Amino acid sequence: MSLLERMKQMQEPGNRPESSGQQADAQPGEGEGASRLSSMKVRKSASPGADAQRETYSNLKTRIQNRLFAEMDQEMDVDDVAEVRKTILILFEKMLSEERIVLSREERHRLFEAIAAEIIGFGPLQPLFEDDSITEVMVNGAKNIYVERNGKLTRVPVTFESDEHVLRIIDRIVAPLGRRIDESSPYVDARLPDGSRVNAVIEPLSLSGPTVTIRIFSKVPITMDQLIEWGSLTPECLQFLKACVEARLNMVISGGTGSGKTTLLNILSSFIPEGERIVTIENAAELQLRQEHVIPLESRPPNIEGQGEVTIQDLVTQSLRMRPDRIVVGEIRDGAALAMLQAMNTGNDGSMTTAHSNRPRDTIARIETMTLMAGFELPIRAIREQIASAIDIVCHSDRMRDGSRKVTAVTEVAGMEGDIITMTDIFSFEQTGYEEGKVLGKLRPTGLRPICMDRIEEAGIRLPPQIFGIGSRQKEVSV
């Protein structure tokens, strides 16, 4: 049995040997023979290295880690990860040698990586971030950690030492962004250096200890070909959406939590032609636009005195003075919807945003509600006229029962009929079954020619009618 395995066993009640000079207490109902046998077992389990064995893996890690902190150069540039790891490794090997701690190669590597993660990484979460199959990490207190793989949640055998340990990692995430989390501000939105989105909630709001939810972005951006390969949407639908972006139609990408809205927004924003000035506005910068002329803006929460807050609505208003060709808002969830509608209606065509909703019609209803949250007493008809004039396309995505993410509707906002906003489905997902844990179905065209085709053709883009199923539907009828 390896040394680290023996150390871990020492943590379990009943596996901790008493010193050889002590005799184990006899259990009630046991005779002197049983007491002697118990004492013999204790003496047998004790070994010359008993002192080292009694030191748990956690204590060994903490002791070496604290000594590393004390001996490392405090002026070292922690951003130079390679140099810091090299320094840590030299000191680590030196300490093991000085203290005569014998570990196998595998144990030595695992202990070093754990300590390095505490110093320059994100502690126990670091290996999860490096696993390409994980798309989300959920920390429910120090001892309960779940991950999402292929849309399914599973618990992983990874734990923190304590709630204080979780808080240290949260502080390491939010501190470089100038944000804070404490009892006076017990929740925060932040991001990792790679753009992964982080939400943290601590006591007294979270009753199970610090809760952290991290949406991990793929190290290699997802491409449109991958979306088609995964069945998230069809080539015909993607061709239409690409034409909409190039023709500068205003689009809203809607869906529930984890439905792939931000991923789809990243894909569609890649169709924006080079040479256009793009302003992105987000609570925590996570968009991965690949164009050269991009100005990212990020909102700011109030400071400890309750001052200095900059909202999404403030940034949308400010962006109008920055001569944008396109405005891309990561998500609208409050009165910023009114500012976004104003931007779309005042010459900033081709703008895009995302919104939480259950279906395209609900998206329009939510935008109405969020517009009222801006604090202006506007009549409902005026708000609906603004929405019908500003928004051209609603692209809705869903996370299905099998964990897959699919575009389930591409809907055109056709205009107003009386006081009602009219909408027309251009593409709609038809589910044909559910077999072996997989949702069967396909995103199909409805056979209707969108009204916005006139604007698409004015932009010099020609789409064959077969994309909308017009030719195929006529062929089916004739047969």
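Higher on the page you've got the structure.
By convention here, each chain's residues receive numbers from 1 onward along its written sequence. Per-residue local features of the predicted model are confined to residues with pLDDT of at least 70, and side-chain atom pairs are confined, for both listing and counting, to 80 or more; whole-chain, interface and lining totals are unaffected and use all residues. No hydrogens and no water enter the side-chain calculation; it runs on all heavy atoms of the structure.

A. Region of interest: the overall build of the chain. Across its full length, the chain holds 17 helices and 15 strands. Burial classification: accessible surface area is computed with a 1.4 Å probe over protein chains only, and a residue below 20% of its type maximum counts as buried, one above 50% as exposed, and the rest as partly exposed. By residue count, 44% of the 479 residues in the chain fall in the buried class. Every residue pair with non-hydrogen atoms within 4.5 Å of one another is taken to be in contact. Long-range pairs, those at least 24 residues apart, make up 55% of the contacts in the chain with a sequence separation of at least 6. Secondary structure elements follow DSSP: runs of H or I no shorter than four residues count as helices, runs of E no shorter than two count as strands, and numbering proceeds from the N terminus.

B. Structural detail: the pairing of strand S5 (residues 197–201). Because side chains alternate across S5, one face comprises the buried residues Val 198 and Ala 200, and the other comprises Arg 197, Asn 199 and Val 201, none of which is buried. Where strand S4 (residues 187–191) and S5 come together, five bridges link them in antiparallel fashion. Considered in S5, the bridge of Tyr 187 is made with Val 201. Between S4 and S5, which pair antiparallel one after the other, the connecting turn spans five residues, and Gly 195 there sits at a positive phi close to 100°. DSSP bridges decide pairing: two strands pair if at least two such bridges lie between them.

C. Representation of the sheet that holds S4 in the model. Ordered in space as S3-S2-S1-S6-S5-S4, the six strands form an open sheet in which the pairing is antiparallel. Two strands bound the open sheet, and with one partner strand each, they are strand S3 (152–155) and S4. Shown here is a sheet whose adjacent strand axes are inclined to one another by a mean of 15°, direction ignored. The pairing of strand S1 (residues 134–140) with strand S6 (residues 211–215) spans five bridges and is classified as antiparallel. Note on S6: the bridge partner recorded for Val 137 is Ile 214. Inter-axis angles, ranging from 0 to 180 degrees, are taken between N-to-C directions of lines fitted to C-alpha atoms, where helices are fitted over the stretch in contact. Sitting on the sheet, helix H8 (residues 163–174) is in contact with S1, S4, S5 and S6, with an inclination near 55° to S4.

D. Up close: the packing of helix H13 (residues 336–344) against helix H14 (residues 360–372). Packing of H13 against H14 leaves a shortest axis separation of 6 Å and a crossing angle of 105°. Put simply, H13 runs roughly perpendicular to H14. Residues Ala 337, Leu 338 and Leu 341 of H13 touch H14, and the partners they reach there are Ile 367, Met 370 and Thr 371. When residue character is reported, Ala, Val, Leu, Ile, Met, Phe, Trp, Tyr, Cys and Pro are called nonpolar, Asp, Glu, Lys and Arg charged, and the others, Gly included, polar. Partitioning the contact of H13 with H14 into residue classes produces five nonpolar, one polar and no charged. Orientation categories follow fixed angle ranges, with anything under 35 degrees roughly parallel, anything over 145 roughly antiparallel, 65 to 115 roughly perpendicular, and all other angles oblique.

E. Highlighting the side chain of Ser 397. Within the fold, Ser 397 resides in strand S12 (residues 393–399). On the basis of relative accessible area, Ser 397 is assigned to the buried category, the value being 3%. Only 3.3 Å separates the side chain of Ser 397 from the backbone oxygen of Ser 259, close enough to count as a polar contact. Not counting residues up to four positions away in its chain, the partners in contact with Ser 397 are Ser 254, Gly 255, Gly 256, Ser 259, Gly 260, Lys 261, Lys 406, Val 407 and Thr 408. Counted as a polar contact is a pair of N or O atoms within 3.5 Å, where, for protein atoms, one must be capable of donating a hydrogen and the other of accepting one, and residues adjacent in sequence contribute only when both atoms are in side chains.

F. Just the sheet that holds strand S14 (residues 420–435), in detail. Judged by pairing direction, the sheet is mixed, and its nine strands sit side by side in the order S9-S8-S10-S11-S7-S12-S13-S14-S15 without closing on themselves. The open sheet has two edge strands, strand S9 (294–298) and strand S15 (438–445), and neither has a second partner. Each strand axis lies, on average, 25° off the axis of its neighbour in the sheet, ignoring direction. Looking at chain direction, strand S13 (residues 405–417) and S14 are connected through eight bridges and run antiparallel.

G. Structural detail: the packing of aromatic side chains. Stacked, edge-to-face and tilted are the three classes for Phe, Tyr and Trp ring pairs, Trp counted by its six-membered ring, which pair at centre distances within 6.5 Å; planes under 30 degrees apart are stacked, over 60 edge-to-face, the rest tilted. Summed over all chains, the structure comprises four aromatic pairs. Measuring from ring centre to ring centre gives 6.0 Å for Phe 240 and Phe 427, while their planes differ by 45°; the resulting arrangement is tilted. Here Phe 240 is found in helix H10 (residues 235–246), whereas its partner Phe 427 is found in strand S14, with 187 residues between them in sequence. Comparing Phe 240 with Phe 427, the two get one shared label, buried. Where Phe 427 meets Phe 468, the ring centres are 6.4 Å apart and the plane angle is 45°; that geometry is what we call tilted. Within this pair, whereas Phe 427 is found in strand S14, its partner Phe 468 is found in the loop between helix H16 (453–458) and helix H17 (470–478), the two being separated by 41 residues in sequence. We classify Phe 468 as buried; its relative accessible area is 2%.

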